[in-house]
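Now for the letters of each chain:
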Amino acid sequence: MFYPQIKKIYEYLPENTHDYIVINEHLHDLIITVDILNIRQYDYNILMKVLKNQMSFNMLLDIVAIDQIELDGVVERFKVEYLLLNMQDHIRLSLIHYINESDELYSVASTWPNANWMEKEINELFGIGFKSLKKTGLFLPPFKKGFPLCKDFKKLTFPEYTKREFIVEKVDNVTDLNDDFEYLSVKNLVLPTGGIPEIQCRIRGSRIEDLKIDLGNNHRGVEKEIESKNVHQVIPYLERLNFHSSSFSSFLWCRMVEDILKIDVPDRAIAIRMIFSELLRIIEHSITINNLMIELELPIKSVQFLNYREGLLKLIESYSGGRVMNNIARIGGVSKDFPFSWRHDCLQFLEKLESELARFHKEIVSSRLFKERTFCAKISPKDAISWGVTGPNLRSCGINYDIRKFTPYDFYEQVDFEVPLGIHGSVYDRYLVRVEEIFESIKIILQLLDNLPLGPVMNIQFDLGQMKDKKSELDLTYQNNIELTLTSVEKYSYCESPAGELGIFLKANHQTSPYRLKVRSPSFSNYQILEKVAIGEEVESLWAIYRSLDINLTELER
Amino acid sequence: MTEKMHTQTSKTSFLGWLRNWSMASLPWPFYVGSSCCGAEFLSLYSDRFQGELPFPVLRPEESDLLLIAGNISHKYLPQLIESYNSMLEPKHVILIGNCAIDGGPYKNYNVVQNIEDYIKVDFKIFGCPPSPSAIINCLEGLKETIIDGN
């Protein structure tokens, strides 16, 4: 397919590097292995430029590191994998490096600016060095010892906290203090949604001159925790990553495990998953718009969006019993079928939502004040791609890229919907795209509810309710299904979450629990562009810009 | 009338009772909401649970009620202690959710497991996350304890 074309890459590279760069194709995935120890930095940078410009792998999705110490027949300690995306032909490529503890990698932050945080994260959690990277922490306090995601990690020790220590730490940050400048450390504790953001900015007058984002308030070590859990136990941890649209990651995980172990899922279960995905998309978009309205401090009644969310949460509550944590996803299907008259309630609510939102939207768009205050923080399409921005933020710049359309999963190929696009990439465009996406989601749900397939909602092998009746016969299969063993596999799956491309990278090694699981959070790249976009804007609109990017810090820091 | 009130409450004076009563009627909450439990706060402002919770204050120096929802990381702990120390007296603390109480499902390197070693806690609401009605019930219980003077 694309494999012959990628061989052209050798034409652009110097001849002495040809031995160190090997191209493979494995199950429709392209893999390039780079011998990092023998290649020079100059040639390595050329390779990156060629991949980005000539081969148009223009987006860096994620960098994943694996500690291979417990794997059999492996010489090198670490494997570092760069996941790249070609947005023209929708092809994904993984660029692989094998290194030992003493070796260092070359930084790619000059080609893809969003690699900055990814490299810092790997440096902090694995101890892998990067040339020309400042040794500053991303998630953990600077005085920690040990690398938590290494397999031989025991315990992280922290010193006892005193008030004095904290003050000393803060004084260090204000060394640049000048007469002209003012250093401002802002924290947003007003809206307790999606973690505690902390931003330091240098301002002149009321304009932002420089901006630095602090992370680490919400790091919970989910990836380390998951390494000791079995396939079913992973689901609640993934649900708690992004709590406004919690089922997206758990549906993705179930789809991934079902693909690996070749478990059949009934059509009705897939349709139910799609319906709840779209309901959750409406929830997250309405929360984002609500937060934006509150930060703008406009005389607009934004409690309406909270009411939409509450109505949708009520629907989820009547289905599964869970509110924010949806408790829908199961491996082999969904937890249960729709209760009596659920579909009627859902249709009634969506009808109300559509008419009310249309009226409200008309009101907002006609407000001149809203337009003036939100026509700021423009993201250019070129920046958006090279910084790895995905989802509605990317579409608001006018780039038509939606995973549901171009690499469809579930039944998205068979439903009819449009991809709303913006023009300028400003806060206003991001608001417009989100509102239009709510209408498109309603369209998808109505189509699915009209054509809901009949049949069971769970693969019969995994149906615990069925098994209780004839447990003696099925005792063996029951045990096998509880302790599912993952085959030796390395896989990256993705879906279109409300914030952007949500991905899960899995490395399994014939065990019941994953060997390494990495979540590609859309916010990880979407948040980094704030460092570029907010410069030159008013300080008052900083939080409005932040809210318009739809950033969830618990999902980002994991 | 005043004597009757005096005997009903455990306060030494009527003025003391009045102070407690007024404080209980209008707590000034300061939020630290780091994760899922913080998301349930939003529900309290929708029309379904309208008016149950006062709006938060921006600075800990102006507040007398600290609501900690969700896990506290080792990086945020010093700032939390500083916020707690700068709050107005008498101060009350409510922990919301299992993560704040004992780390919940996150028994690992970056989540504080024993927050009671650092600050004095009055109420704990268990759940992962607790429902909004549980939070409202707890706030009512807090009102009663403040009026009783405990």
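Residues numbered from 1 in each chain as written. Chains lettered and ligands numbered in written order. Predicted model: local features only at pLDDT ≥ 70, side-chain atom pairs only at ≥ 80, totals over all residues. Heavy atoms only, no water.

Q: Can you walk me through the sheet that holds strand β14 (residues 500–508) of chain A in this structure?
A: The strands that make up a sheet pair up through hydrogen bonds in the backbone, lying either parallel or antiparallel. Residue and element names in this part refer to chain A. If you trace the 3 strands from one edge of the open sheet to the other, you get β13-β14-β15, paired in antiparallel fashion. Each edge of the open sheet carries a strand with a single partner, namely β13 (489–497) and β15 (516–520). Between one strand axis and the next, the sheet turns by 10° as a mean value, whatever way the strands run. Where β14 lies against β15, 5 bridges are found, and the strand directions are antiparallel. (Pairing = 2+ DSSP bridges. Helix = DSSP H or I, 4+ residues; strand = E, 2+ residues; numbered from the N terminus. Axes fitted to C-alpha atoms, helices over the stretch in contact; angles between N-to-C directions.)

Q: Looking at this structure, I do not really get the packing of aromatic side chains. What am I missing?
A: Two measures describe an aromatic ring pair: the distance that separates the ring centres and the angle between the ring planes. All names here are of chain A. For the structure on display, the rule yields 21 aromatic pairs over all chains. Geometrically, the ring pair formed by tyrosine 319 and tryptophan 342 is edge-to-face, given 6.3 Å between the ring centres and 65° between the ring planes. Highlighted residues: tyrosine 319 in helix α10 (residues 303–320) and tryptophan 342 in helix α11 (residues 342–365), separated in sequence by 23 residues. Under the relative-accessibility criterion, tyrosine 319 is labelled buried at 0%. (Phe/Tyr/Trp six-rings, centres within 6.5 Å; stacked < 30°, edge-to-face > 60°. Buried < 20%, exposed > 50% of the residue type's maximum accessible area, 1.4 Å probe, protein only.)

Q: How should the side chain of A:Arg220 be read in this particular structure?
A: Structurally, the position occupied by A:Arg220 is in the loop between β10 (207–214) and α6 (222–226). Buried charged residue A:Arg220 carries no salt bridge. Nearest counter-charge: A:Glu557, at 8.3 Å. In contact with A:Arg220, not counting residues within four places along its chain, are A:Arg240, A:Leu241, A:Thr554, A:Arg558, B:Ser35, B:Cys36, B:Asn71, B:Tyr106, B:Asn108 and B:Val111. (Lys, Arg positive; Asp, Glu negative; His and termini not counted. Salt bridge = Lys/Arg side-chain N within 4 Å of Asp/Glu carboxyl O. Contact = heavy atoms within 4.5 Å.)

Q: How do you make sense of the pairing of strand β5 (residues 91–99) of chain A when you look at a structure like this?
A: Within a regular strand, the side chains alternate between the two sheet faces. Along β5(A), 8 of the 9 residues are buried, which leaves the element largely enclosed by surrounding structure. Hairpin connection of strand β4 (residues 78–86) of chain A to β5(A): 4 residues between the antiparallel strands, including A:His90 at a positive phi of 55°.

Q: Help me understand the interface of chain B and chain A, please; the structure alone is not making it clear to me.
A: Frequently, the measure chosen for interface size is the accessible area removed from exposure when the parts meet. At the interface, 40 residues of chain B touch 49 residues of chain A. Carbon and sulfur atoms make up 60% of the surface buried where chain B meets chain A, a total of about 4000 Å² over both sides. Area buried by chain B at its contact with chain A is led by B:Leu42, B:Lys75 and B:Tyr109, which between them contribute 20% of it. Counting across the chain B and chain A interface gives 0 salt bridges. For the side of chain B that touches chain A, the secondary structure elements donating two or more residues are β1 (29–33), α3 (36–44) and α4 (77–85) of chain B. At 7 residues, the largest contribution of residues to the side of chain B that touches chain A is made by α3(B). (Buried area = accessible area lost by both parts, 1.4 Å probe.)

Q: Honestly, the sheet that holds β4(A) in this entry has me stumped. Any pointers?
A: Residues and elements named next belong to chain A. Ordered by their spatial adjacency, 5 strands build an open sheet running β1-β2-β5-β4-β3, and the pairing between neighbours is mixed. Of all the strands in the sheet, the pair left with one neighbour each is β1 (21–26) and β3 (59–67). Between one strand axis and the next, the sheet turns through 20° on average, direction left out of account.

Q: Sorry if this is basic, but what is going on with helix α6 (residues 132–148) of chain B here?
A: Since the α-helix turns once every 3.6 residues, residues separated by three or four places project in the same direction. All names here are of chain B. Here α6 contains 17 residues, and its C-alpha end-to-end distance of 25 Å stays within 8% of the 24 Å for a straight helix at 1.5 Å per residue. Listing the buried residues of α6 in full gives Pro132, Ile135, Ile136, Cys138, Leu139, Leu142 and Ile146. The buried side chains of α6 occupy one side of the element, clustering within an arc of 160° when seen end-on. Opposite the packed face of α6, turned more than 90 degrees from it, sit the exposed residues Asn137 and Glu144. On its buried face, α6 sits against α2 (14–25), α3, β2 (65–69), β3 (92–96) and β4 (123–125). (Expected span 1.5 Å × (residues − 1). Arc of directions from axis to C-beta.)

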